[in-house]
Amino acid sequence: MPKRSEHVYSNIKHKKGNYVMFRNTKTQKIFKGITTDMMKKFFFLIRTYFDLFVDFIFSLYWEKKRQPIPDLEEKHGILSKSATELASKIRNKELKSEELVQACIERIKIVNPILNAVTDERFEDALVEAREVDRQIAAGEVDFEKKPFLGVPFTAKESHAVEGLLHTLGISARAQMRATEDAECVRLLRASGAIALAVTNVPEINKWQETRNMVFGQTVNPYHTGRTVGGSSGGEAALAAALASPISLCSDIGGSTRMPAFYCGLFGLNPTAGYTSLKGSALRSGKDATMASIGFISTHCCDLGPLTRTVLSDTAADLQLDREVDIKNIKFFYTERARDVRVSPVSRELRKAMNKVIRQLTEDTSPEKAPKAYYHSGFDHMYALWRYGMTKEAESFPRLLTNNQGQANGLLELVKKLIGFSAYTLAAILKLLDEQVLPPVDSGWAEKITKDLRDDLIRVLGEEGVLLFPSAPAAAPYHYALYLRPFNFSYWGLFNALKFPAAQVPLGLNKEGLPLGLQVVAAPGQEALCLAVARHLEDRFGGYVPPCKLPQ
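Residues numbered from 1 in each chain as written. Predicted model: local features only at pLDDT ≥ 70, side-chain atom pairs only at ≥ 80, totals over all residues. Heavy atoms only, no water.

(A) Highlighting the pattern of salt bridges. Enumeration according to the criterion identifies 30 salt bridges in this entry. A salt bridge links R212 to E210; the shortest N-O distance between them is 2.8 Å. Across the pair, exposure class does not vary: R212 and E210 are buried alike. Close ionic contact of R227 with E512 constitutes a salt bridge, the shortest N to O distance being 3.6 Å. Of this pair, R227 sits in strand β7 (residues 224-228) while E512 sits in the loop between β14 (502-509) and β15 (515-522), placing them 285 residues apart in sequence. What makes R227 buried here is its relative accessible area of 6%. (Salt bridge = Lys/Arg side-chain N within 4 Å of Asp/Glu carboxyl O. Buried < 20%, exposed > 50% of the residue type's maximum accessible area, 1.4 Å probe, protein only. Helix = DSSP H or I, 4+ residues; strand = E, 2+ residues; numbered from the N terminus.)

(B) Focus on the pairing of strand β11 (residues 331-334). Relative to strand β13 (residues 465-470), β11 is paired through four bridges, and the arrangement is parallel. Note on β13: the bridge partner recorded for K331 is G465. By the bridge criterion, two bridges tie β11 to strand β12 (residues 372-373) in an arrangement that is parallel. In the strand pairing of β12, F333 is matched with K372. One crossover worth recording links β11 to the parallel β12 by way of helix α10 (residues 348-364), and it is right-handed. (Pairing = 2+ DSSP bridges. Right-handed = clockwise from strand over helix to strand, strands pointing away.)

(C) Main features of the environment of L165. Mapped onto the elements of the fold, L165 is located in the loop between β2 (153-157) and α5 (184-191). Owing to a relative accessible area of 4%, L165 belongs among the buried residues under this scheme. On a C-alpha basis, the gap between L165 and D318 in space is 33 Å, while along the polypeptide they are 153 residues apart.

(D) Seen up close, the pairing of strand β3 (residues 195-200). The buried fraction of β3 amounts to six of the six residues, a majority that puts the element mostly inside the structure. Of the strand pairs in this sheet, strand β1 (residues 118-121) and β3 are connected by three bridges, and their pairing is antiparallel. Across the sheet, D120 pairs through a bridge with V199, a residue of β3. After leaving β2, the chain enters α5 and then returns to the sheet as β3, a path that is right-handed.

(E) Inspection of the layout of surface pockets at higher detail. Of the volumes computed, that of the largest pocket is approximately 1100 Å³. At the level of elements, α1 (4-62) and α10 are the ones that each hand at least two residues to the lining of the largest pocket. The biggest single contributor to the lining of the largest pocket is α1, with 10 residues. Looking at the lining of the largest pocket, its residues break down into 18 nonpolar, six polar and 15 charged. (1 Å grid on protein atoms, 1.4 Å probe; cavity = no way out; pocket = protein on both sides within 12 Å on 5 of 7 lines; lining within 4 Å. Points joined across faces, edges and corners; volume = space filled by probe spheres on them. Nonpolar A, V, L, I, M, F, W, Y, C, P; charged D, E, K, R; others polar.)

(F) View of helix α14 (residues 426-436). All buried positions along α14 are accounted for by A427, A428, I429, K431, L432, L433 and D434. Here the buried face of α14 lies against α11 (382-390), α12 (397-400) and α13 (410-418). (Contact = heavy atoms within 4.5 Å.)

(G) A look at the packing of aromatic side chains. The final tally for this structure, using the stated rule, is 17 aromatic pairs. Relative to W492, the ring of Y263 has its centre 5.8 Å away and its plane inclined at 80°; by these criteria the two rings are edge-to-face. Here Y263 is found in helix α7 (residues 258-263), whereas its partner W492 is found in helix α16 (residues 490-498), with 229 residues between them in sequence. On the basis of relative accessibility, which here comes to 0%, the residue W492 falls in the buried class. Aromatic rings pair up to connect Y374, Y375, F379, F469, Y491 and F495 into one cluster. Looking at R212, its charged tip hangs above the ring of Y480, at a distance of 3.8 Å from the centre. (Phe/Tyr/Trp six-rings, centres within 6.5 Å; stacked < 30°, edge-to-face > 60°. Lys NZ or Arg CZ within 6 Å of the ring centre and 35° of its normal.)

In structure tokens form, the structure reads like this:
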């Protein structure tokens, strides 16, 4: 039988061995973490130089194609006003609806040959409706509380059904299809008194970062016609930035409102998912749960709240869009960049723009409310989380491409594309291959990461906090360059997957004349915080900067 001292010594050796093993395991984890971090940094460095090389190659062609947008004529100067101000002028008989609609029509005819944004119009019908609005106002027959945007014209992305107008969704199988009734968001906007003027270009089924399809071709950016306008509400952003549409009706499932707003220097709001109806938009029934929302873009931040309220219908009170918010009571957090290896690194100029905002907010708030850095490991997987979120959507992209008359096959369409016989763009084919060929995201992993990130952000932001987040890795890329950067939309798409509201805020132009900006994100139902910060940044940094000269 061993002596007690030997037994104690044996226990000490055993404990020491466990400690050494624990220490070795911990050291290995630290070493692995450091090695992984160094490898990521090296990868992002290489990716930065690759992106610079891509931009240089594409610039050799597209810089020669740059075409200026015509200046805003003095007679169209009213189009630089916000939609809310235009509605007020019509209400107070300072402006006739017919004059405003006519100005929009004339401006569209001037800029659209360059932009290629409009796919169908109802100009004559809109003028008839405008004259009737003017008659009703003159006769005192209007309840302005029920019609806050009476007499103001609007355009809508073509995936929203507008009765009588083309509703192709950018696919050849629907090239001649016209809407037989309004989408719910169009109906509600019309109920607010707004007048439908035209529908605008989208990528196929709204699923790409550029607005291009085989039916209407490519829409270009008014700040630089050799660069993308974004997608999928690209036609709307092009018209709005060129001061041709006072109200732009959009939607967003992966940045489709915020992305074009960023690339075109506009304000945009994507409200909390579940509060707007998608009925009649991209052939949706409106009965299925979705991470998509109806939204608006505008040259003026003040429009976003009132316009969003029109499409919320009886759920408007839940989002408290009218809630008064003091900027000094807001808690600010920021993320300078994410470490998703699929996504390009954030450019220096966009990091500088965010740092400028952080410094300004530090001056504008108390020391304890100064912006604080925030990061979550979920940001390393932005694209994967969005991709998994898309598997829960009711729509079927392969079926929709055929107008629900079959199912498109990605591999077959790729072969047909190579020999010039596919009816789809390469972007649509890549989306098909992503769904049909590449392995799916692990559902258990994605559910856990999404929940962890969502719960942590809700805990951190609460009812008083916002997160400043990059909009994209860089300003508007050259046309087709995004085929080499297919995941860069993930900075927007992440918040669709989380079902958080987010506002896109412009921050002036870079040295090439391209818009800069960032996103302001809040917890679900806290749109008022997003809008309050957006208005504050508009005051501090000037907001929208037009791509053309305005009348003096």
